[in-house]
Amino acid sequence: MAIVGLCALLWSSPWGLAQTSPGNPKNGQVLYQRHCLRCHGEALDGKGPDAAALKISPTNFHSYVSRIKDNLELWMTIQRGRSFSAMHNWNDTLTDDQIKDVVSYIRTIAPHVNP
Ligand code: HEC
């Protein structure tokens, strides 16, 4: 719980901008299609063309367990990657703002829910 609180704090403070500029979903969609679709799928359901070959399936962003995650948590996973899975880090490919744009695209299609 403390971690969730901390995440909420981080999301809203160091960037200050988080509230006023939550990312550009249109730009995020282009980035998603270029980099993420092959695993996470066109419908964001984790069924991209490359998904079947993976041992750990790409996240279905419509699932409840994913939708309860806040923006910062998604942002950090994209930036740093997830160990032992095909989800590598993207901080050498995408800028911090581009990652924000992708998060905002994901959340436009699969909105956050409060647990
Ligand atoms: C090579 C396949 C692959 C590509 C390309 C890929 N991912 Fe993933 N992604 C995965 C897998 C596999 C997981 C699940 C890891 C796990 O369950 O531990 C994952 C997990 C995630 C998660 C964590 C979701 C959650 O609910 O915790 C996010 C966010 C994510 N990916 C975003 C992206 C974005 C954005 C891109 C494009 C910039 C991308 N991924 C590209 C395979 C991929």
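Coordinates for the structure precede this section.
What counts, and at which threshold
Positions within a chain are numbered from 1, following the residues in the order the chain's sequence is written. Selection of residues for local features in this predicted model requires a pLDDT of at least 70, selection of side-chain atom pairs for listing and counting requires 80 or more, and totals for whole chains, interfaces and linings are taken over all residues. Hydrogens and water are ignored here; the side-chain numbers use all heavy atoms of the structure. Near residues are defined by distance, with any heavy atom within 4 Å of the molecule or strand qualifying the residue. Pairs of N or O atoms are called polar contacts if they sit within 3.5 Å, as long as, within protein, a hydrogen donor faces a hydrogen acceptor (for residues adjacent in sequence, only side-chain-to-side-chain pairs). Secondary structure elements follow DSSP: runs of H or I no shorter than four residues count as helices, runs of E no shorter than two count as strands, and numbering proceeds from the N terminus. Salt bridge criterion: a side-chain nitrogen from Lys or Arg within 4 Å of a carboxyl oxygen from Asp or Glu. Buried means the residue's accessible area, taken with a 1.4 Å probe over protein chains only, is under 20% of the maximum for its type, while exposed means over 50%, and partly exposed covers the values in between. Any two residues whose heavy atoms approach within 4.5 Å are treated as being in contact. As used in this record, nonpolar core signifies buried Ala, Val, Leu, Ile, Met, Phe, Trp, Tyr and Cys residues forming a set joined through side-chain atoms within 4.5 Å.

**A closer look at the site of the ligand**
Next, step 1: Surveying the vicinity of the ligand reveals 23 residues, the closest of which are Cys36, Cys39, His40, Lys69 and Met87.
Next, step 2: One of the side-chain N or O atoms of Ser66 is found 2.9 Å from an oxygen atom in the ligand.
Next, step 3: Interatomic distance of 2.7 Å between a side-chain N/O atom of Lys69 and an oxygen atom of the ligand.
Next, step 4: Elements with a minimum of two residues in the shell around the ligand: helix H4 (37-40) and helix H6 (71-80).

**Regarding the pattern of salt bridges**
Next, step 1: Within the structure shown, the criterion is met by one salt bridge.
Next, step 2: Its salt-bridge partner being Asp50, residue Arg38 comes within 3.0 Å of it at the nearest N-O pair. Taken together, the positions of Arg38 in helix H4 and Asp50 in the loop between H4 and helix H5 (64-67) put the pair 12 residues apart, joining distant regions of the chain.

**Quick word on the environment of Thr59**
Next, step 1: Of note, Thr59 is situated in the loop between H4 and H5.
Next, step 2: Residue Thr59 is classed as partly exposed on the basis of its relative accessible area of 32%.
Next, step 3: Distance in space between the C-alpha atoms of Thr59 and Lys47 is 8.8 Å, their sequence separation being 12 residues.
Next, step 4: Once residues within four sequence positions are removed from consideration, Thr59 is found in contact with His40, Leu44, Asp45, Gly46 and Ser66.

**Here we look at the nonpolar core**
A general feature of soluble globular proteins is that nonpolar side chains tend to end up buried together.
Next, step 1: Counting 18 residues, the largest nonpolar core has Tyr32, Leu44, Phe61, Ile99, Val103 and Ile106 as the members making the most contacts within it.
Next, step 2: Elements that contribute at least two residues to this core include exactly helix H3 (25-35), H6 and helix H7 (96-109).
Next, step 3: Tallying contributions element by element places H7 first for this core, with five residues.
Next, step 4: The residues contacting Ile106, other than those within four sequence positions of it, are Leu44, Phe61 and Leu74.

**Examining the environment of Val113**
Next, step 1: With respect to the secondary-structure elements, Val113 resides in the segment after H7.
Next, step 2: As for Val113 and Asp70, which are separated by 43 residues in sequence, their C-alpha atoms are 8.6 Å apart.
Next, step 3: Those residues in contact with Val113 that sit more than four places away from it in its chain are Tyr64, Arg67 and Ile68.

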